[in-house]
Amino acid sequence: VPDPIVIAGGGLAGQRAVETLRRSGHDGPVVMACAETHRPYDRPPLSKQTLSGEDAADVFFRAPGWYEEHDVELRLGVRATALASGERRVALSDGSRLRYTSLLIATGSRPRRLAALEGHDNVSYLRTLDDALALRGAIAEGRRLAVIGAGFVGQEVTATARAAGAEVTLIESAPAPLIDVLGPLLGGWFSRLHVEEGVEVLLGRQVQRVIAGSGGVRALHLSDGTVVATDHVLVGIGVEPDLGWLAGSRLELNGVRVDDCGRSDAPDVYAAGDAAAPLDPVAGRHLPGGHWESAARQGARGARAMLGLDPGRTGPSSFWTDQYGLRVQYLGHAPLHDEVSIDGELEARDFRATFTRGGVPVAVLLVGRPHDLPDARRLIAEAVAAPAGARS
Amino acid sequence: MTWVAVIDEDACAAHGDCAEIAPEVFEIDDVARVVGTGPEGLLLAAAEACPSTAIRIVDGDSGDQLYP
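Keep in mind that this is a model prediction, so the values were computed, not measured.

J.: When you look at the environment of E118 of chain A in this model, what are you seeing that I'm missing?
T.: Residues and elements named next belong to chain A. Note on placement: E118 falls in the loop between β8 (109-111) and β9 (123-125). With relative accessibility at 37%, the residue E118 sits in the partly exposed group. Leave out the neighbours within four places in its chain, and E118 touches R113 and Y125. Among the polar contacts made by the side chain of E118, one reaches the side chain of R113 at a distance of 3.0 Å.

J.: Help me understand the environment of C18 of chain B in this model?
T.: Residues and elements named next belong to chain B. Tracing the backbone shows C18 in helix α1 (residues 17-21). Residue C18 is classed as buried on the basis of its relative accessible area of 7%. Considered as a pair, C18 and L44 are 26 residues apart in the sequence and their alpha carbons are 9.8 Å apart.

J.: So what exactly am I meant to see when it comes to the sheet that holds strand β15 (residues 227-229) of chain A here?
T.: Neighbouring strands of a sheet are bound in pairs by backbone hydrogen bonds; such pairs are parallel or else antiparallel. Residues and elements named next belong to chain A. With respect to topology, three strands assemble into an open sheet ordered β13-β14-β15, the strand pairing being antiparallel. Two strands close off the open sheet at either side, each with one partner strand: β13 (207-213) and β15. Taking the axes of each pair of neighbouring strands and ignoring which way they run, one obtains an average angle of 25° across the sheet. Bridge count for strand β14 (residues 216-222) against β15 is three bridges, and the pairing is antiparallel. Paired with A219 across the two strands is A229, which belongs to β15.

J.: For this particular structure, what's the right way to read the interface of chain A and chain B?
T.: As a measure of interface size, the accessible area lost when the parts come together is often cited. Taken together, the 17 residues of chain A in the interface contact 16 residues of chain B. With both chains or domains summed, chain A and chain B bury close to 1300 Å², and 42% of this area falls on carbon and sulfur atoms. Three residues, R23, R297 and R327 of chain A, lead the burial of chain A against chain B; their summed loss comes to 30% of the area buried on that side. Joining chain A to chain B, the criterion identifies one salt bridge. At the boundary of chain A with chain B, the tally comes to 13 residue pairs in polar contact (both at pLDDT 80 or more). It is helix α6 (residues 292-306) of chain A that provides the largest number of residues to the side of chain A that touches chain B, a total of five residues. Counted by class, the side of chain A that touches chain B contains six nonpolar, three polar and eight charged residues.

J.: Would you mind going over unusual backbone geometry with me for this structure?
T.: Excluding glycine, a negative phi dihedral is what most residues carry, and trans is how most peptide bonds are arranged. Following Y67 of chain B, the chain continues into P68 of chain B via a peptide bond in cis, with omega recorded as 5°. Considering the arrangement of structural elements, one finds P68 of chain B in the segment after β5 (65-67). One non-glycine residue, D71 of chain A, lies in the positive phi region at around 55°. The exposure class assigned to D71 of chain A is exposed, which follows from its relative accessible area of 53%. Despite not being glycine, T53 of chain B shows a phi value in the positive range, around 45°. By relative accessible area, T53 of chain B is classed as buried at 2%.

J.: Help me understand empty space enclosed by the protein in this model?
T.: A probe as big as a water molecule, rolled over the atoms, marks out the empty space that is left. Taken as a whole and judged by the stated rule, the model has one cavity of 30 Å³ or more. Volume-wise, the largest cavity comes out at about 80 Å³.

Cut-offs applied
Residues numbered from 1 in each chain as written. Chains lettered and ligands numbered in written order. Predicted model: local features only at pLDDT ≥ 70, side-chain atom pairs only at ≥ 80, totals over all residues. Heavy atoms only, no water. Helix = DSSP H or I, 4+ residues; strand = E, 2+ residues; numbered from the N terminus. Buried < 20%, exposed > 50% of the residue type's maximum accessible area, 1.4 Å probe, protein only. Contact = heavy atoms within 4.5 Å. Polar contact = N/O pair within 3.5 Å; in protein donor to acceptor, adjacent residues only side chain to side chain. Pairing = 2+ DSSP bridges. Axes fitted to C-alpha atoms, helices over the stretch in contact; angles between N-to-C directions. Buried area = accessible area lost by both parts, 1.4 Å probe. Salt bridge = Lys/Arg side-chain N within 4 Å of Asp/Glu carboxyl O. Nonpolar A, V, L, I, M, F, W, Y, C, P; charged D, E, K, R; others polar. 1 Å grid on protein atoms, 1.4 Å probe; cavity = no way out; pocket = protein on both sides within 12 Å on 5 of 7 lines; lining within 4 Å. Points joined across faces, edges and corners; volume = space filled by probe spheres on them.

Structure follows, in structure tokens:
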């Protein structure tokens, strides 16, 4: 029996890799180690449909029998614990040490935690299906929810909780949501969006002290003296790659540097999704932490590269978020921008923001304009394809 | 008038929303594939749901693009 292809991780990138391997005719053994006890599922619905009460079964990529039908050995509740790339071996938490023909590192990321809020039952993070189901019980008409962090997870939970009638306070340490990425104009727009939907938005403030009693956190004491009374807290202050298990290998722990096909520096070791730091075509350097589309594509491309197949073309990946029934799409790398121009009406929630650097487009944000995305994609792809000298 | 769905394969990331909304029209492979046809409203709903805006709806008679 040949050594298996080992997929470390049971998220989107891992699932796409497995699907591509089998679809491409690979008939050798495949082992998939999933840290969670659930079979692979999709995460975007967690902060939206799942949280709003839709059937949790809808999030799974495949029916339970699919893995056996496709001869994929699914090891649930099992995580990768160590890599010895010289021996081509990966150790798993079930005690096994597998020799692999190829390894895909797709172990994803985990939420950054807030030390001040450890140890309380009414504090949630949102990364897993279990997290979403636990948080769902805390969201109801009239219940108070404090959301710490106005990134996309924090904003989506805010929107979902508002739609359910919860009283939501959104707390962000920066002067506006997403200001490091989108700048003050668009960050301010996101802030107003939540205010208009009845959310209390508190910016430029951090949690300084927790006031707790029986039942957990009762109130948050913020850095400016504001006290936010609450029934439940959701912390959404970003994620970090879950790569501690690579300590001792020579691979990077803050995102494995990979080429266009997901190849790392170690032989036959690939990485995809949040675990990977691919070359960002717009930024021109390796950046960890992509989004759904990039994870989906990287998983598939890595699998094709393992089999020696043409990985296919690649273009800029887009990102989307749905809030208050509004679709927001984003493409490119906005932190580079020195100027932003708006086409449309910010107040009407119908506009296109084009971010440029030295007059060259580096990112596009679309609000309520899904029909503009093909054009935006073309714009960014052309700017990337232009000679490097044309980009300052 | 017959509406036809066309997939932009470079943009499609196989989210699967289209196949969920209109399974008789779309199937998910490595990208979405058009495998049938359906009522106009259903085609439009599937196209509008696509997070990557990778589905075009074309009037099969005139060739006019109706969405996006």
